[in-house]
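Geometric and topological summary
What follows is each chain in one-letter form.
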Amino acid sequence: MTIAIVGIGLIGGSLAITLKENGFAKKIIGVDIRRENIDKAIRRRLIDEERGLEEAIEESDIIVLSTPVDAMLQILPGILDLVEQQVIIDVGSTKAQLLDKVKDHPKRGRYVATHPMAGTEYSGPEAAIPNLFDGKCTVLVDLDDSDADAVAVTRRLFDSIPMRQVDLDRHSHDIHTAYVSHISHISSFALALTVLEKEQDEDRIFELASGGFSSTVRLAKSSPDMWIPIFRQNRDNVLDVLDEHINQLARFRSLLIKKDFDTFYKLIEESNQIRKILSS
Ligand code: NAP
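Let me sum up the structure you'll find in this document. (Residues numbered from 1 in each chain as written. Predicted model: local features only at pLDDT ≥ 70, side-chain atom pairs only at ≥ 80, totals over all residues. Heavy atoms only, no water.)

Structurally, Arg-110 can be placed in the loop between α5 (96-101) and β6 (111-116). There is a polar contact of 2.7 Å between the side chain of Arg-110 and the backbone oxygen of Gln-85. Polar contacts involving the side chain of Arg-110 include one to the side chain of Asp-149, which spans 2.9 Å. (Helix = DSSP H or I, 4+ residues; strand = E, 2+ residues; numbered from the N terminus. Polar contact = N/O pair within 3.5 Å; in protein donor to acceptor, adjacent residues only side chain to side chain.)

Put into structure tokens, the structure is as follows:
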């Protein structure tokens, strides 16, 4: 198959490496808004050839849309205008707005909405790595609105990696990802700011930073270019989860003020139940 990757950054580039390596893709065509990204992608052999968007659509069997989610809103309708039998797959982190935008498009069936649940805090073609998706889960969204053959090709693509697949509707997807992904980023940004503020007074603090600190604050290295469009599109769900998170922080604060360490102990024990989710 010939696969066009539109937005050859961390996710698009990693997918390109994987699908070329496992033989699912014979040729990868790269499309990106920035010349420099294309040059890096060629140097790193992420893509075989570069094209403009229209040519890439014409020459490909599958078009993978892996730009930030605000750009997807702009370019997906135009891609749908141009496709015949090709399949378009997006890998964006939010779904409701994008799916609403194209719900009445006459070619809607050629598009399959997906969200591979894997990533790192880095971005751009230099961040693309092999094996990023191995054994992880991908969400397939609102499949009833996609053509059966387009869904079948998409499932084969993710099976080839291999990735587990979970089917959800767009609203459930956006709520679940607010819980398992978006809130942890806000939490990490806030923690980084907290510590950076403190560091202004005590410049040795980073010498003391250990594994626990690094792993908790790792996501704060993520790019605002990718995250602001996500928070803009999933604002209501993220606000709900953030309110709950602030309540939990306030609970810990109040226990500390009251020196109620017995309840604090129980809350930590309760939070340890997260092992059940993370080990499955
Ligand atoms: P990324 O590394 O920044 O890659 C996005 C690429 O798209 C960049 O090369 C960017 O160029 C380019 N681009 C921007 N606008 C474009 C346009 N209109 N046409 C063509 N190319 C364009 O971001 P990423 O982390 O791979 O994320 C890509 C998508 O995957 C996002 O929708 C994100 O929500 C989703 N996702 C991310 C993760 C994660 O953990 N990172 C996980 C799952 C899904 P410039 O950088 O020069 O603007």
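Take the pattern of salt bridges next. Per the stated rule, a full pass over the model turns up 18 salt bridges. Lys-40 is the salt-bridge partner of Glu-36, the closest N and O atoms lying 3.5 Å from each other. Taken as a pair, Glu-36 and Lys-40 lie in helix α2 (residues 35-43) at a separation of four residues, close to a single helical turn. Salt bridges sharing common partners tie together Lys-27, Glu-49, Arg-51 and Glu-59. (Salt bridge = Lys/Arg side-chain N within 4 Å of Asp/Glu carboxyl O.)

Here the focus is the pairing of strand β4 (residues 62-65). Strand residues, when the strand is regular, have side chains that alternate between the two faces of the sheet. The two faces of β4 match: Ile-62 and Val-64 on one face and Ile-63 and Leu-65 on the other face are all buried. With four bridges joining them, strand β1 (residues 2-6) and β4 adopt parallel strand pairing. Bridge pairing in β4 links Ile-5 to Val-64. Two strands pair when backbone bridges link them, and β4 and strand β5 (residues 87-90) are joined in this way by four bridges, in the parallel orientation. Looking at β5, one finds that Ile-63 is bridged to Ile-88. With helix α4 (residues 69-82) bridging β4 and the parallel β5, this β-α-β connection has right-handed handedness. (Buried < 20%, exposed > 50% of the residue type's maximum accessible area, 1.4 Å probe, protein only. Pairing = 2+ DSSP bridges. Right-handed = clockwise from strand over helix to strand, strands pointing away.)

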